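Given next are the chains, with one letter for each unit.
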Amino acid sequence: MIESVYIEEDVRDHPRTLEILRKLPRAEVQTIQRYGELFNRKRQNFRLQKQQPALILARKHANHVLSAPADYNIGGQHNFYFSHLLNCVYDCRYCFLQGMFRSANYVLFVNYEDFFEQIAQTQHTLSSPGWYFSGYDCDSLALEPWSGFAEAAVDWFRDHPNCHIELRTKSTQIRSLLKRPAIDNAVVAFSLAPDPVAQALEHKAPSLEKRLDALRTLAEAGWRIGLRMDPVIWADNYEHVYGAFLDQVFKGLPTDAIHSVSLGGFRLPVDFMKTVTRLYPEEPLFALPMTQRDGMVSVAHEREQRLLGFCRDGILKHVPDTRFFPCQPIEPGAAEITAPG
Ligand code: SF4
């Protein structure tokens, strides 16, 4: 799958680099000075590169842990994110990474211990447990067979119970989690979408059924699970599509294991939206009526509120509102808004 690996000179002999190379015996390997010389180069074509991304192994030198945006909240007071990996094996048409990065190559920072050290230092400044979100600039588990990140993280967080981690994913690569006892300070959160939406927009990602199977297996093994319905995507028959979806999701999952459910609409910063529509001008998603506000583009307000309101009402039939975390305001009677979008 990965044909080319670029390695920063600095991590050429890092044990994790050597282990990854052992798993990719056929890859062509080249040494570079700093990952940015490749990753941030101008005039790259994200769409073309996405067909066969290279893997770049690098060291993260600073800013390992950053404050999370306000909509990244699943009940904690202190929220942070960290990115040991940039980019993703999947190819979701709504993904903000394709608007943010010039390159579709994967950058894996192999110095995981420096991330953990920074998390410990951050936590030291807090009076209550902090949440540390992995999977902000990547999928937390999709590269696990090569990266071994989740297993390293779980082993570290087990010894640091005041630090809480969310692993966010669409991947069924859960073997390394199942090999370990579940820990209370981790949530394995799956991004979920109705099958018609997933098939149209979440290219290369596992089907909804496979994601639900993985969630069930994790829950049975004692892991706390999270459901991320973000973004929900407008369809004229949204009541049918999202009604069936919510039934399917909640029918087979043990409610007690569900730590949190979050819900958000499709939204991108204006600049990212310009980039992705240039990359995929034929994509029907970008032809939906949109609204621009506060530097963000989103689906036209009335449609978005109707869809979000419908989903919120459906979710709250299955989980209490203490476990429900909307990523944006949803008006009280949103599901009944009748104005045309
Ligand atoms: S799974 Fe997440 S990170 Fe990966 S392409 Fe889809 S939206 Fe982006």
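Residues numbered from 1 in each chain as written. Predicted model: local features only at pLDDT ≥ 70, side-chain atom pairs only at ≥ 80, totals over all residues. Heavy atoms only, no water.

What about the nonpolar core?
Among the nonpolar cores identified, the biggest contains 115 residues, and F157, L227, M229, Y242 and F250 are the most heavily contacted of them. Those residues in contact with Y242, other than ones at most four positions away along the chain, are P194, V197, V232, I233, L307, F310 and C311. (Core = buried A, V, L, I, M, F, W, Y, C linked by side-chain atoms within 4.5 Å. Buried < 20%, exposed > 50% of the residue type's maximum accessible area, 1.4 Å probe, protein only. Contact = heavy atoms within 4.5 Å.)

A closer look at the side chain of S171
Relative to the assigned elements, S171 resides in the loop between strand 10 (163-169) and helix 8 (175-178). For S171, a relative accessible area of 1% puts it in the buried group. With near-sequence residues (within four places) excluded, S171 lies in contact with Y90, D139, L141, A142, F190 and P206. (Helix = DSSP H or I, 4+ residues; strand = E, 2+ residues; numbered from the N terminus.)

Quick notes on the pairing of strand 1 (residues 4-8)
Most of strand 1 sits inside the fold, with 4 of its 5 residues counted as buried. Relative to strand 2 (residues 28-32), strand 1 runs parallel, the two sharing 5 bridges. Each residue of the ladder has a partner; that of Y6, found in strand 2, is Q30. Handedness of the crossover is the feature at issue here: the chain leaves strand 1, passes through helix 1 (residues 15-23), returns alongside strand 2, and the resulting connection is right-handed. (Pairing = 2+ DSSP bridges. Right-handed = clockwise from strand over helix to strand, strands pointing away.)

Focus on the sheet that holds strand 9 (residues 130-133)
Here we have 8 strands laid out as an open sheet, ordered 4-5-9-10-11-13-14-18, and mixed in their pairing. If you trace the sheet from one side to the other, it starts and ends with strand 4 (66-67) and strand 18 (324-326), each paired once. Of the strand pairs in this sheet, strand 5 (residues 78-81) and strand 9 are connected by 4 bridges, and their pairing is parallel. Its bridge partner being in strand 9, Y81 is matched across the sheet by F133. In the packing of helix 5 (residues 112-124) onto the sheet, the strands contacted are strand 5, strand 9 and strand 10, and the crossing angle to strand 9 comes to about 155°. In the packing of helix 11 (residues 238-251) onto the sheet, the strands contacted are strand 13 (224-232) and strand 14 (258-265), and the crossing angle to strand 13 comes to about 170°. (Axes fitted to C-alpha atoms, helices over the stretch in contact; angles between N-to-C directions.)

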